[in-house]
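# Observations on the model geometry
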Amino acid sequence: MTKTSESSSALPLAGSVALAFVLWYVSFLPDFGNFWIKISASAMLLGVFALRNGAGPSAWGGFRGRDFLWGLILAAALYGIFSLGFLITTKLFSFAPAQVQGIYARGNGTPVWIVCLTIVLVTGPCEEIFWRGFVQGELSRRLGRAGGYVAATLAYTAIHISTGNFMLVGAAGVAGAFWGLWYAVTGRMVPLIVSHAVWSVVIFAVLPIGARI
């Protein structure tokens, strides 16, 4: 492959990640539209792009009966990590509780059932298909499994910096590293989709950590 063709093949990856930065910035703007509508539309756009560029079901490692169980286990493990992380960060940083509350406040006014539906049907699946299935997959082909994992995790973390919320950036980094590691080791997407959806429903709608609902 020539340098020109290598550069051309990298354009969809670079362009889509740049688009993700813009979409996440707009989604988290506090005084512009409904957060859940914006983030769902953003995730769907990226998910469709990923599906059309090689991250479809044929690249998910198939489906096994235990995938759903693994998804639940991963979701429970990540919830435990976040619970511990909240206890530690609130001891270290006085601003942590207010910033956590600020994360949840972005969705104020949206019925819980709508939040759950958008998470399960749109944001959970689409984010995993794009960030792990497409971005991490493409980066791993170029940088190797470890390099792709690190680069994709950094990109997933970085798109949240525009929010100005230290706790949200840290949460994205932890979650991205957690899900990315599973994908790097197993190459299996279905448990990640289940994990992301279940964890998000629990943490945003059922048992929020450190938030008043």
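Our structure's up above, just so we're on the same page.
Residues numbered from 1 in each chain as written. Predicted model: local features only at pLDDT ≥ 70, side-chain atom pairs only at ≥ 80, totals over all residues. Heavy atoms only, no water.

## Looking at the overall build of the protein
Looking only at helices and strands, one finds seven helices and zero strands in the protein. Ordered by position from N to C terminus, the α and β elements of the protein give α-α-α-α-α-α-α. Relative to the 2.2 N^0.38 estimate, which gives 17 Å for 213 residues, the radius of gyration of the protein is 17 Å and therefore close to what a compact globule would have. C-alpha atoms of the protein, sized along the principal axes, occupy 55 × 40 × 35 Å. The burial tally for the protein puts 47% of its 213 residues in the buried class. Within the protein, contacts between residues at least 6 apart in sequence are counted, and of these 75% link residues at least 24 apart. With an accessible surface of roughly 10,700 Å², the protein has 72% of that area assigned to carbon and sulfur atoms. The protein carries 13 positive and 6 negative side-chain charges, and their two centres are separated by 4 Å. (Helix = DSSP H or I, 4+ residues; strand = E, 2+ residues; numbered from the N terminus. Rg over C-alpha atoms; globule rule 2.2 N^0.38 Å. Buried < 20%, exposed > 50% of the residue type's maximum accessible area, 1.4 Å probe, protein only. Contact = heavy atoms within 4.5 Å. Areas by Shrake-Rupley, 256 points an atom, 1.4 Å probe, with all protein chains shown as cover. Lys, Arg positive; Asp, Glu negative; His and termini not counted. Charge placed at Lys NZ, Arg CZ, Asp CG, Glu CD.)

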